[in-house]
Amino acid sequence: MVTKAYRPLIPATLALALAGARLAHAANQVPEDENLPDLTALSVEQLMNLDVTSVMKTSTDVSHVPAAIYVLSNEEIRRSGATTIPEALRVVPGLNVAKVDGNKWAVSVRGFNTQFANKLLVLVDGRSVYNPLFSGVWWDQQDVLMEDIDRIEVIRGPGASLWGANAVNGVINIVTKNAKDSQGTLLSGQVGTQRHGGGVRYGADLGDDAYLKVYARHSDYGDSRTRDSANPAGDEGDMSKAGFRYDKAFDIANKLSIQGDAFIGDSNGAPVDFPNLAANLTPVAAPPYSRALPADQQFSGHSLQGRWEHHQGADSTTVVRMYWDRHSRKSPFLNSRYQIDSFDLDFQHNYQLDERHLLLWGTGLRFNINQFENSPQISMSAPQRTDRIYSFFAQDEISLVPERWRLTLGGKVEHNPVTEFEVQPNARLLWTPNEHHSFWASVSRSVRTPNWVEQNISYSLSVQPIPGLPIPQITGLVGNSNMAAEKMLGFELGWRGQLLPQLSADIALYHYNYDDLSSNTISVLPPASYLLIKSTTGNLGIGQVYGGEFSLDWQVTDTWKLKANYSYEEDRIRPGNATPANVFVNDGGSYPAHKAMLWSMYQLTPQLKLDMNWRFVSSTVTNLSFTQGYHDLDARLAWDLGAGLELALVGRNLLDSYHFEYGSDLFSTATAVQREVYGTLRWHF
């Protein structure tokens, strides 16, 4: 175990170790930027022809993708000044990113934006980081070397027919650079008023078409203030990560990739009120009823992934991938800890049957293993459990009229131990009247399977006095082992096109119908020395979500580009018809109705780049907590000193000294996003 005091030394130690190794491989190095295109320098037409893989699970250019997709390039991430993945995702059209506190984030698309947004599937190089415990993503432990990201593909809309359950409203696939494109040494760092840290990466050509890269990164983020106090909230965080990737091409038909990483960190939080416990560790039914405890957490984990790609011929390719992912969290305030292991094995076959049919099929097996340490504050009825999930998918991409009409039919069947068989079909139609325009439409069915908290939890939420009565009330959250899957039937329409040689646009409209949404049923037990109010999870919610997204990409001059987007969303989330009055459904109004962004990317001189990014996000309501809408402005001035060295000055939240982006959540108190200035360094040699 690496102690906290030594974590910042990891990148420096690795840098010294790699400096010696570099001398042995200098003759084989290829500078990274000679291999990778500067996507911001590509023409509008070239951007429309970029290959993406997340929508169809096979390489497809953007102009022929029958879905709403945005590809966030490495260069865009760099010019955004982001040092975390959620910060980079702020520029993606239709995606909402809200900072909860100093190290936690709420990221969602097309509705349901909470810290544990449960209808968005997130992948890192195809490995799911979706957490089966609570259905969501710990973004604080997805801290990666930003320069190591090749691109982030964001699908706005269902992806369940290929990616399976929980890809209900969207899929984010973070694709890192392969070892061949990571040659040489890269040093990066940031230091400022709210953050500091750095990383190092080294890539070597091992010869005979084999490449290796190793990397390490450490980051620290300072604390902020709460709504009620200007004092430091104690929500600072830090994380250290190290990893590697090995790529080997045995011949033209066989490729092997192995990668892994390990991380450790602290994710502290502002104080949260928890029920006071008596000596026998039961809630105290007398004043003081509660106590404020820092919502601190410690986490660690590792992953190991292997991928084998085999080309049987020009028309047939198979891929086998397996990974093992482990992560654990400890919560001192809950006196509890959990560890989750996920083992995944999947197979995929792409086969060009004839000129009209491209077939994809595959199968998969996943084990999710939970080990939860119960405490008087929180417990699980099944603290140790293993879920086995089996899946099969098939898809046929049919060319109805060559170069004009294309129909994609597919679906995925999964079996899980809770809701058993789930079927998730989809149909997508694409019309390309000419090389500059494409229209698409889709209808999809997706599901979100119940998480372990919804099924097994027992948690004392609060103890409060009752006005006029001599006894207090104790409110508890209780899981339901008979939970069903949430279902969504989605309809989408879209167009993307090149209006002028320098101007392209993209429009997407959607309408989703939800059934069996997660709900809570409130029941009051007969009073004794206290009144016990029980909130039991269920599936009595329904809802509709609809809206639209518009984005524009304009190369104004050779040195000036503008990117703009606007999205509108409206939801109607409520208890189902004829449900009792004691049923509640959360998440309605948690997603902003209006979002807008304007990004100016200007090349002042051959050495100086200036980026200005303005955003507007309208108000939201999270768990009955209202958050005011806000305007935000970020700026970045970068100076290319040559020889692979770049310095940049970044300013964030320049319009306000601070603002809030999130309401409240079960185990976190929202803190302010403060005005911030920091400098970055990037040196590749």
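To keep things clear, this report deals only with the structure shown in the data block. (Residues numbered from 1 in each chain as written. Predicted model: local features only at pLDDT ≥ 70, side-chain atom pairs only at ≥ 80, totals over all residues. Heavy atoms only, no water.)

### Topic: the overall build of the protein chain
Per the secondary structure count, the protein chain includes seven helices and 43 strands. Compactness check: the protein chain gives a C-alpha radius of gyration of 25 Å against a globular reference of 26 Å for 685 residues, within 12% of the reference. With respect to the three principal axes, the spread of C-alpha positions in the protein chain is 80 × 55 × 45 Å. Per-residue burial for the protein chain yields a buried fraction of 56% across its 685 residues. Sequence separation of at least 24 residues holds for 63% of the intrachain contacts in the protein chain that already meet a minimum separation of 6. Entry remark: accessible area of the protein chain is about 27,500 Å², with carbon and sulfur atoms responsible for 60%. Here the protein chain contributes 57 positive and 73 negative side-chain charges, whose respective centroids are spaced 3 Å apart. (Helix = DSSP H or I, 4+ residues; strand = E, 2+ residues; numbered from the N terminus. Rg over C-alpha atoms; globule rule 2.2 N^0.38 Å. Buried < 20%, exposed > 50% of the residue type's maximum accessible area, 1.4 Å probe, protein only. Contact = heavy atoms within 4.5 Å. Areas by Shrake-Rupley, 256 points an atom, 1.4 Å probe, with all protein chains shown as cover. Lys, Arg positive; Asp, Glu negative; His and termini not counted. Charge placed at Lys NZ, Arg CZ, Asp CG, Glu CD.)

### Quick look at the sheet that holds strand E8 (residues 149-156)
Ordered in space as E3-E8-E9-E6-E7, the five strands form an open sheet in which the pairing is mixed. Sheet topology places strand E3 (68-73) and strand E7 (127-128) at the edges, where each strand pairs with a single neighbour. Across six bridges, the pairing between E3 and E8 is antiparallel. Note that in E8 the partner of Ser 73 across the bridge is Arg 151. (Pairing = 2+ DSSP bridges.)

### Focus: the pairing of strand E27 (residues 472-478)
Taking burial as the measure, the seven residues of E27 include six buried ones, the bulk of the element. Pairing of strand E26 (residues 457-465) with E27 involves seven bridges; the strand directions are antiparallel. When the bridges of E27 are listed, Ser 460 appears paired with Gly 476. The hairpin turn running from E26 into E27, its antiparallel successor, is six residues long, and Gly 468 in that turn takes a positive phi close to 85°. Where E27 and strand E30 (residues 531-557) come together, six bridges link them in parallel fashion. Bridge pairing links Gly 476 to Lys 534 in E30.

### What to know about the nonpolar core
Among the nonpolar cores identified, the biggest contains 30 residues, and Leu 72, Ile 85, Leu 89, Val 107, Trp 139, Ile 152 and Ile 172 are the most heavily contacted of them. When residues of this core are traced back to their parent elements, those giving at least two are E3, helix H5 (85-89), strand E4 (95-99), strand E5 (105-109), strand E6 (120-124), E8, strand E9 (170-176) and strand E33 (594-603). Setting aside its immediate chain neighbours within four residues, Leu 89 contacts Leu 72, Leu 95, Val 97, Val 107, Trp 139, Ile 152, Val 154 and Ile 172. Grouped together as the second largest cluster of nonpolar side chains are 19 residues, Val 272, Leu 334, Tyr 338 and Tyr 459 included. (Core = buried A, V, L, I, M, F, W, Y, C linked by side-chain atoms within 4.5 Å.)

### Topic: the pairing of strand E29 (residues 503-524)
As defined by bridge partners, strand E28 (residues 486-500) adjoins E29 across 13 bridges and the pair is classed as antiparallel. Note that in E29 the partner of Met 488 across the bridge is Tyr 514. Connecting E28 to the next strand, E29, in antiparallel fashion are two residues. By the bridge criterion, 19 bridges tie E29 to E30 in an arrangement that is antiparallel. Within E30, the position partnered with Asp 506 by the bridge is Ser 551.

### Re the packing of aromatic side chains
Summed over the entire model, instances satisfying the criterion amount to 19 aromatic pairs. With centroids separated by 5.2 Å and ring planes inclined at 75°, the aromatic side chains of Phe 134 and Trp 138 adopt a geometry described as edge-to-face. Side by side, Phe 134 and Trp 138 carry an identical accessibility label, which is buried. Ring geometry for Trp 683 against Phe 685: centres 4.4 Å apart, planes inclined by 40°, an arrangement best described as tilted. Here the aromatic cluster, defined as three or more aromatic residues joined through ring pairs, consists of Phe 112, Tyr 510, Tyr 512 and Tyr 514. (Phe/Tyr/Trp six-rings, centres within 6.5 Å; stacked < 30°, edge-to-face > 60°.)

### Notes on a nonpolar patch on the surface
Nonpolar side chains collect at one region of the surface, where Leu 400, Val 401, Trp 405, Leu 429, Trp 431 and Phe 439 lie side by side and expose about 470 Å² of accessible area between them. Going through the elements one at a time, strand E22 (384-401) and strand E24 (420-434) are the ones with two or more residues in the nonpolar patch. When you line up the elements, Trp 405 lands in strand E23 (residues 405-416). (Patch = residues over 30% accessible without salt bridge, like charges linked within 9 Å, V, L, I, M, F, W, Y side chains within 5 Å. Salt bridge = Lys/Arg side-chain N within 4 Å of Asp/Glu carboxyl O.)

### Things to note about the pattern of salt bridges
Summed over all chains, the structure comprises 42 salt bridges. Of the charged contacts in the structure, one is a salt bridge between Asp 148 and Arg 201, with a shortest N-O distance of 3.0 Å. On the criterion of sequence distance, the pair formed by Asp 148 in the loop between E7 and E8 and Arg 201 in strand E11 (residues 195-207) is long-range, its members being 53 residues apart. Judged by its relative accessible area of 0%, Arg 201 is buried. Asp 208 serves as the salt-bridge partner of Lys 248, at 3.0 Å between the closest nitrogen and oxygen. Of this pair, Lys 248 sits in strand E13 (residues 237-249) while Asp 208 sits in the loop between E11 and strand E12 (210-221), and the two are 40 residues apart along the sequence. Residue classification places Asp 208 among the exposed residues on the basis of a relative accessible area of 66%. Through salt bridges that share partners, Glu 87, Arg 195, Arg 615, Asp 632, Asp 634, Arg 652 and Glu 676 make up one connected network.

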